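Structural overview
Now for the letters of each chain:
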Amino acid sequence: MAKAFVKRDTFLPFSRPTIRQVEIDEVVDTLRSGWITTGPKAERFEKDFAAYVGAPEVLAVSSATGGLHIGLMALGLKPGDEVIITPMTWAATSNMVEALGGKSVFVEIDPDTLQIDPAAIEAAVTERTVGILPVHFGGAPCDMDALGEIARKHSLWIFEDAAHGVGTLYKGRHVGLFDRLAVFSFHPIKNMTTGEGGMLTLNDSDLARKLRALRFHGLEKQAWNRYAEGGTPQVEIVLPGFKYNFMDIQAALGIHQLASVDEFNARRRELAFLYLELFAEVPEIGRPAAPAYDHFHTWHLYVAKVLDSAGMTRDQFMTALRQRNVGTGLHFRAVHTQPYYAQKYPDVVGSLPKAEWASDRICSLPLFPDMTEDDVRYVVDAVKDVLVHAKD
Ligand SMILES: *Cc1c(COP(=O)(O)O)cnc(C)c1O
């Protein structure tokens, strides 16, 4: 007989950022410095990030969503253009395609790894296809060799959604520079945070110049120092740009988060491996599979699957865990099933059975660097208790 389950007193959230005294001190230093928006710390953070991923060009932006928006504009996306997208993503990825009048073409995923399926991409290419927007899902990379081959064959660009990808390697190379453009996210649930924020990475200095103008009001020259000593207030607008710049307050967090992200990721890996080990004896809960190709997985997410043998739906499972003080996440409801997309692309609903199967069964369990091994064991015990009661 298993020992009785005892509910913990405090709620264990699905995610929580690791914020230490060093980040707090740096933010306070910025607040006291007289320079709180884009400035020297944002510049330093860009340099640090460029060095970390090995990128010739980077642009810090106010969010990955903003980065997707101006990135797609800079790549020349026009109304009616088709972009091939994984449905297993946060809607920001396809929302920005739609916002620019493009057409989101959702394709199948591998239901085990939840990564976009290269064969499905190849099958979806038409004369109107201009690019591929793959997501390096959950901290593992997608198959960039296979994607690169398809892109070359059909003259498509690839814009990597690397929102989950800080620290992720594909065949020894950091994600973010496999084709024209990539975007990272520093939202609080991601592997490192700046509160809100994102980073574009690329090789192409012409594209970078255009992106810098789009990022900040359409100014051709870097103008954050126009009010500083040595700066000049006169500026030139070369296109109608946006306001997606990155603040020094954000950079104050980012500089120290980035310096520790390898440590954070190492801790995530330890905790994820413990989940994998403990769930080996819980057949009703499917374990996430890692891709077969060479990669380094940062375990941004631990995505469990509530299999049919559990005798309950994923939503019932989530509610039952919450009753046991365990928070969960859903990454992601397949985007093509969301009301806007289902209405715009009704034929796609029902046509991606693997993505839809996964979408109904996945559940992200708590995983963040400050968790303890006992927290992981508690989650697994709570899951077992939920399953026992499902069969009552
Ligand atoms: C978080 C996320 C985004 C959006 O990032 P923001 O910085 O919040 O705009 C885009 N794509 C994926 C896959 C994400 O998980």
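Computed from a predicted model, the values in this text were never measured in an experiment.

**So, the domain arrangement of the protein chain**
Reports of interface size often rely on the accessible area that becomes lost once the parts have come together. Domain parsing of the protein chain yields domain 1 (21-257) and domain 2 (261-390). Placing a centre on the C-alpha atoms of domain 1 and another on those of domain 2 gives a separation of 26 Å. Buried area between domain 1 and domain 2, both sides added, is near 3,300 Å², and the carbon and sulfur share of it is 62%. It is Phe106, Glu108 and Asn191 that lose the most area in domain 1 upon contact with domain 2, and together they represent 19% of the buried surface on that side. A salt bridge links glutamate 98 to lysine 344, with the shortest nitrogen-to-oxygen separation between them at 2.7 Å. Inspection of the domain 1/domain 2 interface yields 25 residue pairs in polar contact (both at pLDDT 80 or more).

**Topic: the environment of isoleucine 132**
Looking at where isoleucine 132 falls in the secondary structure, it is placed in strand S4 (residues 129-133). A C-alpha to C-alpha distance of 50 Å links isoleucine 132 and alanine 4, two positions 128 residues apart in sequence. For isoleucine 132, the residues in contact, after removing those within four places along its chain, are Val83, Ile84, Ile121, Leu147, Ile150, Ala151, Leu156, Trp157, Ile158 and Phe159.

**Some thoughts on the site of the ligand**
The environment of the ligand is formed by 15 residues, the closest being Thr65, Asp161, His164, Ser185 and Lys190. A distance of 2.5 Å is found between an oxygen atom of the ligand and a side-chain nitrogen or oxygen belonging to threonine 65. Serine 185 is positioned such that a nitrogen or oxygen atom in its side chain is 2.7 Å from an oxygen atom of the ligand. About the coverage of the ligand: the protein hides 92% of its 380 Å² of free accessible area. A class-by-class count of the residues in the shell around the ligand yields five nonpolar, eight polar and two charged.

**Focus: the pairing of strand S2 (residues 82-85)**
Of the two faces of S2, the one lined by Glu82 and Ile84 and the one lined by Val83 and Ile85 are each fully buried. Sheet topology note: the S2/S4 ladder contains four bridges and is parallel. Bridged to glutamate 82 within S4 is threonine 129.

**A word on the sheet that holds strand S3 (residues 103-106)**
Read across the open sheet, the seven strands follow the order S1-S9-S8-S5-S4-S2-S3; overall the sheet is mixed. Edge positions in the sheet fall to strand S1 (57-61) and S3, since each of these pairs with one other strand and no more. The average angle at which neighbouring strand axes cross in this sheet is 20 degrees, direction not considered. Relative to strand S9 (residues 198-202), strand S8 (residues 181-185) runs antiparallel, the two sharing four bridges. Paired with phenylalanine 184 across the two strands is methionine 199, which belongs to S9.

**Overview of the pairing of S9**
Where burial is concerned, most of S9 is hidden: five out of the five residues are buried. Residues Gly198, Leu200 and Leu202 line one face of S9 and the alternating positions Met199 and Thr201 line the opposite face, and both faces are buried. The pairing of S1 with S9 spans five bridges and is classified as antiparallel. The residue bridging valine 58 from the neighbouring strand is threonine 201, located in S9.

**Quick word on the side chain of threonine 86**
For threonine 86, the position within the fold is in the loop between S2 and helix H4 (92-99). On the basis of relative accessibility, which here comes to 1%, the residue threonine 86 falls in the buried class. Separated by 3.0 Å, the side chain of threonine 86 and the backbone nitrogen of methionine 88 make a polar contact. Residues within four places of threonine 86 in sequence aside, it is in contact with Phe106, Ile109, Ile116, Leu133 and Val135.

**Quick word on the packing of aromatic side chains**
Note on aromatic pairs: each is described by the distance of the centres and the angle between the planes. Applying the stated criterion across every chain yields a total of 16 aromatic pairs. Pairing tyrosine 170 with tyrosine 293 gives two aromatic rings, centres 5.4 Å apart and planes at 65 degrees, and the pair type is edge-to-face. Of the two residues, tyrosine 170 sits in strand S6 (residues 169-170) while tyrosine 293 sits in the loop between strand S10 (285-286) and strand S11 (295-296), which places them 123 residues apart along the sequence. Tyrosine 170 gets classed as buried once you look at its relative accessible area, which sits at 1%. In this structure tyrosine 293 comes out as buried when scored by relative accessible area, which is 18%.

**Some points on H4**
With six of its eight residues buried, H4 lies for the most part within the structure. Residues of H4 that are buried include every one of Ala92, Thr93, Ser94, Met96, Val97 and Glu98, and no others. Buried positions along H4 lie against helix H3 (64-74), S2, S3, S4, strand S5 (157-161) and helix H10 (339-344). Trailing H4 by a residue or two, glycine 101 shows a phi angle of about 85 degrees, which is positive.

Cut-offs used in this document
- Per-chain numbering applies: the sequence of each chain, read as written, is numbered from 1 onward.
- The predicted origin of the model limits local features to residues at a pLDDT of at least 70 and limits the giving and counting of side-chain atom pairs to 80 or more, whereas totals for whole chains, interfaces and linings rest on all residues.
- As a convention, hydrogens and water are excluded, and side-chain values are obtained from all of the structure's heavy atoms.
- Each domain's extent was defined by an automatic or database domain assignment.
- Here's the idea: put two parts together, see how much 1.4 Å probe accessible area each one loses, and the total over both is what we call buried area.
- Here, a salt bridge means any side-chain nitrogen of Lys or Arg that lies within 4 Å of a carboxyl oxygen of Asp or Glu.
- Any pair of N or O atoms that falls within 3.5 Å is considered a polar contact. Within protein, one atom must be able to donate a hydrogen and the other to accept it, and sequence-neighbouring residues count only if both atoms are side-chain atoms.
- Each helix is a run of H or I in the DSSP string that is no shorter than four residues. Each strand is a run of E no shorter than two, and both are numbered from the N terminus.
- Between two residues, a contact is recorded if the distance between any of their heavy atoms is within 4.5 Å.
- Residue proximity to a molecule or strand is established when one non-hydrogen atom of the residue lies within 4 Å of it.
- Residue-level accessible areas treat just the shown protein chains as cover; the underlying method is Shrake-Rupley with a 1.4 Å probe.
- In this classification, the charged set is Asp, Glu, Lys and Arg, the nonpolar set is Ala, Val, Leu, Ile, Met, Phe, Trp, Tyr, Cys and Pro, and all remaining amino acids, among them Gly, are polar.
- Residue burial is assigned from relative accessible area. The probe radius is 1.4 Å, only protein chains are included, and a residue is buried under 20% of its type maximum, exposed over 50%, and partly exposed in between.
- DSSP bridges decide pairing: two strands pair if at least two such bridges lie between them.
- Angles run from 0 to 180 degrees between N-to-C directions of axes, and those axes are lines fitted to C-alpha atoms, restricted for helices to the stretch in contact.
- In this scheme Phe, Tyr and Trp rings, the latter by its six-membered ring, pair at centre separations within 6.5 Å, and the angle between planes marks the pair as stacked below 30 degrees, edge-to-face above 60, and tilted otherwise.

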